[in-house]
Amino acid sequence: ADGLSIYDSESYRNEAVPEVPYYYFYRYLPPTAIVAAPAALLLDPWPAYWVWVVLNELLLGWLVLHLLRTPAGTLRRRWILGALALAFTPFYLEQFMGQFSFLMAVFLWLPLRAELLRNGPRPPEPAEPRAWGRLFRRPDLWAWSGAIALKSFPALFALPYWLVGRRRTVLAGAALVAAASLPYFAAR
């Protein structure tokens, strides 16, 4: 909004005046900043932080309910997974620091859930052109791409996907992340 680079820091341009009590330089892809920008423009830092804490708590509740309702494994195992999600102490550190790692983990739960619900190994993706249309309707592709757009290291899933013949998934994920990121870089 102010024409400064989202990557502005003490060691790069150093144009922005810090308005928060502490911060770390921005190292994510542009979609993370684009999603967070409205809250940053509408709210002061501390109220924005508390909104983020509440959103993360709601995501945690959604994740626990989703773990309990996923029809894979025994009911006992699902209860254990839900309990582990609630007792996962790095979540509280995440809340304190206001990071995006938990949101990324929730995004990654959707591709993992899709894998858990498959019966047996998945065959390679079909080569017909209609397969692309079906691929872009899969929530697990969008969730994986969203996880990459938030924090780039979920892109490491591309290697096992590629090795098991899911090349279209890898290419579609790369296209979605590029489509979300390249306009910022082209404009800058």
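Residues numbered from 1 in each chain as written. Predicted model: local features only at pLDDT ≥ 70, side-chain atom pairs only at ≥ 80, totals over all residues. Heavy atoms only, no water.

K.L.:
I'm lost on the overall build of the protein in this one. Help?
P.N.:
Along the backbone of the protein there are 9 helices and 0 strands. Put simply, the protein runs from its N terminus to its C terminus through helices and strands in the order α-α-α-α-α-α-α-α-α. The buried share of the protein, taken over its 188 residues, is 34%. Counted over contacts in the protein with a minimum sequence separation of 6, partners at least 24 positions apart contribute 69%. (Helix = DSSP H or I, 4+ residues; strand = E, 2+ residues; numbered from the N terminus. Buried < 20%, exposed > 50% of the residue type's maximum accessible area, 1.4 Å probe, protein only. Contact = heavy atoms within 4.5 Å.)

K.L.:
When you look at the packing of helix α2 (residues 45-69) against helix α5 (residues 101-117) in this model, what are you seeing that I'm missing?
P.N.:
Pairs of packed helices are described in terms of their axes, by the angle between the two and the distance that separates them. Interaxial distance between α2 and α5 falls to 10 Å at its minimum, and their mutual angle equals 20°. Classified by the interaxial angle, the pair formed by α2 and α5 is roughly parallel. Crossing of α2 over α5 shows left-handed handedness. The segment α2 lies against α5, with W52, N56, L59, L60, W62, L63, H66 and L67 engaging F102, L103, V106, W109, L110 and R113. Of the residues assigned to the contact of α2 with α5, the class counts are 11 nonpolar, 2 polar and 1 charged. (Axes fitted to C-alpha atoms, helices over the stretch in contact; angles between N-to-C directions. Parallel < 35°, antiparallel > 145°, perpendicular 65-115°, else oblique. Left-handed = near helix turned anticlockwise from the far one by under 90°. Nonpolar A, V, L, I, M, F, W, Y, C, P; charged D, E, K, R; others polar.)

K.L.:
Explain the packing of aromatic side chains here, please?
P.N.:
Note on aromatic pairs: each is described by the distance of the centres and the angle between the planes. Under the counting rule described, the total for this entry stands at 8 aromatic pairs. Aromatic pair F91 and Y92: ring centres 5.6 Å apart, planes at 80°, arrangement edge-to-face. Centre to centre, the rings of Y184 and F185 are 5.6 Å apart; their planes meet at 75°, and the pair counts as edge-to-face. Aromatic ring contacts, followed pair by pair, group W46, Y49 and W50 into a single cluster. Over the aromatic face of Y161 sits the side chain of R166, whose NZ or CZ is 4.3 Å from the ring centroid. (Phe/Tyr/Trp six-rings, centres within 6.5 Å; stacked < 30°, edge-to-face > 60°. Lys NZ or Arg CZ within 6 Å of the ring centre and 35° of its normal.)

K.L.:
Mind showing me how you'd approach α2 here?
P.N.:
Residues that lie three or four places apart on an α-helix share one face, since the helix turns once every 3.6 residues. Its 25 residues place the ends of α2 36 Å apart at the C-alpha level, agreeing with the 36 Å of an ideal helix rising 1.5 Å per residue. The elements touched by buried residues of α2 are α1 (30-42), α3 (75-87), α4 (90-97) and α5. (Expected span 1.5 Å × (residues − 1).)

K.L.:
Explanation requested: the nonpolar core in the structure shown.
P.N.:
When a protein is soluble and globular, its nonpolar side chains tend to lie buried together. L108, L141 and W144 are the most contacted members of the largest nonpolar core, which totals 13 residues. Ranked by size, the runner-up nonpolar core spans 9 residues in total, among them L60, L63, A85 and W109. (Core = buried A, V, L, I, M, F, W, Y, C linked by side-chain atoms within 4.5 Å.)

K.L.:
Is there a simple way to think about the pattern of salt bridges in this case?
P.N.:
Between side chains of opposite charge, a pair can form as their charged atoms come close. Counting across every chain of the model gives 1 salt bridge. Put simply, D140 and R138 hold a salt bridge, and the shortest N to O gap is 3.0 Å. A relative accessible area of 15% means that R138 is categorised as buried. (Salt bridge = Lys/Arg side-chain N within 4 Å of Asp/Glu carboxyl O.)

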